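Overview (structure and organization)
Residues per chain are reported as follows:
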Amino acid sequence: MENTAAQRKPRVLSLIQPTSVPTLGNYLGALKNWKKMSADNDCLFGVADLHAITVRQEPAQFRKQSTEMFALLLAIGLDPEQSIVFMQSHVPQHAQLGWLLNCYTQFGEAARMTQFKEKSQKHADNVNVGLFAYPTLMAADILLYQANFVPVGADQKQHLELTRNIAERFNGVYGSTFTVPEPYIGQVGARVMSLQNPTQKMSKSDPNPKASVMLLDTPDQIMKKFKSAVTDSEAVVRCAPGKDGINNLLAIYTCCTGKTMEEAEAEFAGKGYGEFKTAVAEAVIEELRPVQQSFERVIGDKAYIEECMKKGAESASRLAQRTLSKCMKKIGFKQI
Ligand code: TRP
C-alpha cells in the first residue's frame, strides 16, 4: 500500500551517548521502552557519538564504546529492518544542520541551558564551544528527521524546548520547514535511583560503583550491589513517603516482574529486607540475562555490526538530506 502522509505512523527519535555502559536506570527508564515504541511508531534510534566529544575521549576507548553502544541497541531488540538504527557521525547532515541552526539560536538562549552551566563547572578545564553548541546539534538530530515525538528524560526537557523554539522561529521566518517535536508521553519507565543515595537518580558517572547497576554487570556483581543497597530501619517492605531506598527497590522489582505494587508488598509481607533484596537482585538478573546474551552474540559478529551501521547510515542519510536541502534552499544557498 502507498505510504501516504495520512497513513504515516508518528515518527519517534532518540539518541543515547556512548560515554559508558548504560545503567539499569537507562535500561528500565529509556531503552526498554524504545523497543516497545518501535512496534507502533516509525522510529529512529542512534548513538550520539558527536555529542560525546564535548568531553575529551581517549580514541581507542571511544571507538570501542561507540561500537558497544550500537551493539547494545541491537541487543535490546531494536530491529534494523523495522527501525533506523544509526551512528550519528555516519550521517554528515547532523553536523551540517547543526551549523545552520547555530545561526538561528541566540547566544543568550544557549547560555541559559542548565546542563551547559553544570557541565562547564564539572569540566572547568575544557569549556569548549562544542559544549555550548550541544543543544543545537541535538536540535539538528531531531529536526532533520521531522520527528513528531522525542522520548527524553527530565534532564533533556530543556533542550527539547529549545529545539521547539528554534523550529518555530525558523518556520516563522521561512515558512513551514520543520515539524515541531513534542516530548513522548506514553508509558513512562521506572525512574531508578542510586542504590547508595536513593534521593538521587542512578547515574553512569557516579563515583561510587555500588550506587549503579550497569547493564553488563555479572549476576554476582548485581547481587552484591543489591545486598548493599541503602534501606531504612522500619523493616517493612512497603511503598511510603520517606522510604526512598525501599521505594526504589520496589519500583525496580515491579518494573522487572510486571507485578503491581500491591502484589509486591503482599509477597514480602512479614519478610525481612535481606530476603527482599535477594528477590530484587534475582528479578534484575533475569531481566538483563537475555539482553546480555544477545549482546555477547552481537559484539562477537563485527561484520554484522558494520552491515547494520551501513544500512542505518544510508537510510538515515536519505531522510536527513531531504530536510537539509529544503532548509538550505529556504535560507538562500545556491543549489547546484
Ligand atoms: N543529549 C541526550 C542525552 O544526553 C542525547 C541526545 C543527543 C538526544 N541527541 C538527541 C536525545 C536527540 C534525544 C534526541 O541524553
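Before reading on, note that the structure itself is shown above.
A short tour of the structure in this document, coming up. Once a new chain begins, its residue numbering starts again from 1 and follows that chain's sequence as written. For a predicted model such as this one, the threshold for reporting local features is a pLDDT of at least 70, and the threshold for listing and counting side-chain atom pairs is 80 or more; totals across whole chains, interfaces and linings nevertheless cover every residue. Each side-chain value is derived from all of the structure's non-hydrogen atoms; neither hydrogens nor water enter the calculation.

This brings us to the packing of aromatic side chains. Two aromatic rings from Phe, Tyr or Trp, using only the six-membered ring of Trp, form a pair when their centres are within 6.5 Å; if the ring planes differ by under 30 degrees the pair is stacked, by over 60 it is edge-to-face, and anything between is tilted. Under the criterion given, the structure shown has 12 aromatic pairs. On the basis of an interplanar angle of 50° and a centroid distance of 5.7 Å, the ring pair of phenylalanine 86 and tyrosine 145 is categorised as tilted. In this pair, phenylalanine 86 sits in strand S3 (residues 84–87) while tyrosine 145 sits in the loop between helix H7 (129–143) and strand S4 (149–150), placing the two residues 59 residues apart along the sequence. This pair shows no difference in class: phenylalanine 86 is buried, exactly as tyrosine 145 is. Counting from the N terminus, the helices are the DSSP runs of H or I reaching at least four residues and the strands are the DSSP runs of E reaching at least two. Here the term buried applies to any residue with accessible area under 20% of the maximum for its type, exposed to any over 50%, and partly exposed to those in between, with areas from a 1.4 Å probe on protein chains only.

Salt bridges are counted wherever a side-chain nitrogen of Lys or Arg sits within 4 Å of a carboxyl oxygen of Asp or Glu. Evaluation of the coordinates by the stated rule reveals 13 salt bridges. In this structure, the salt-bridge partner of aspartate 220 is lysine 224, at a minimum N-O distance of 3.3 Å. One end of the pair is aspartate 220 and the other is lysine 224, both in helix H9 (residues 219–227) and four residues apart, which spans about a single turn. The class for lysine 224 is exposed, based on a relative accessible area of 56%. A salt bridge links glutamate 234 to arginine 238; the nearest nitrogen and oxygen atoms lie 2.9 Å apart. Relative accessible area serves as the criterion here: at 36%, glutamate 234 is assigned to the partly exposed category.

With that out of the way, let us pick up the packing of H9 against helix H12 (residues 273–299). Where H9 contacts H12, the axes come no closer than 9 Å and their chain directions differ by 145°. Crossing handedness for the pair H9 and H12: right-handed. Contacts between H9 and H12 involve Pro219, Ile222, Met223, Phe226 and Lys227 from the first element and Lys277, Thr278, Val280, Ala281, Glu282, Val284, Ile285 and Leu288 from the second. Three classes are used: nonpolar for Ala, Val, Leu, Ile, Met, Phe, Trp, Tyr, Cys and Pro, charged for Asp, Glu, Lys and Arg, and polar for all others, with Gly counted as polar. Residues that form the contact of H9 with H12 fall into these classes: nine nonpolar, one polar and three charged. In this analysis an axis means a line fitted to C-alpha atoms, helices contributing only their contacting stretch, and an angle means the value between N-to-C directions, from 0 to 180 degrees. Left-handed describes a crossing whose near helix is turned anticlockwise from the far helix through less than a right angle; right-handed describes the clockwise counterpart. Any two residues whose heavy atoms approach within 4.5 Å are treated as being in contact.

This paragraph deals with the environment of methionine 87. Among the structural elements, methionine 87 can be located in strand S3. When its relative accessible area of 4% is taken as the criterion, methionine 87 is described as buried. As for methionine 87 and proline 183, which are separated by 96 residues in sequence, their C-alpha atoms are 22 Å apart. Apart from residues no more than four positions distant in its own chain, methionine 87 is found in contact with Val47, Asp49, Ser66, Thr67, Phe70 and Met309.

This part takes up the nonpolar core. Judged by nonpolar contacts, the single largest core of 57 residues is most densely connected at Leu24, Phe70, Leu73, Phe226, Ile252 and Val284. Ranked by residues supplied to this core, first place goes to H12 with 13 residues. Per-domain counts for this core show at least three residues from each of domain 1 (11–189 + 302–331) and domain 2 (219–295). Excluding residues that lie within four positions of it along the chain, phenylalanine 70 makes contacts with Val47, Val85, Phe86, Met87, Ile305, Cys308 and Met309. Residues belong to a common nonpolar core when they are buried Ala, Val, Leu, Ile, Met, Phe, Trp, Tyr or Cys residues joined through side-chain atoms within 4.5 Å. Core analysis: the next-biggest nonpolar cluster, separate from the first, contains 37 residues, Phe116, Ile142, Phe170 and Phe178 among them. Segmentation of the chain into domains, including their bounds, is taken from an automatic or database domain assignment.

Moving on to H7. In a regular helix each residue adds 1.5 Å, so 15 residues correspond to 21 Å; H7 covers 21 Å between its end C-alpha atoms and thus fits that length. The sharpest bend along H7 reaches about 40° and sits at proline 135. Two N or O atoms form a polar contact when they lie within 3.5 Å of each other; inside protein one atom must be a possible hydrogen donor and the other a possible acceptor, and for residues adjacent in sequence the pair counts only when both atoms belong to side chains. Between the side-chain oxygen at the start of H7 and the backbone nitrogen of glycine 130 there is a gap of 3.0 Å, and the oxygen is on asparagine 128. Expected helix span is taken as 1.5 Å per residue step, with the number of steps being one fewer than the number of residues. One axis is fitted to the seven residues ending at the residue and one to the seven starting there. The bend at that residue is the angle between these axes.

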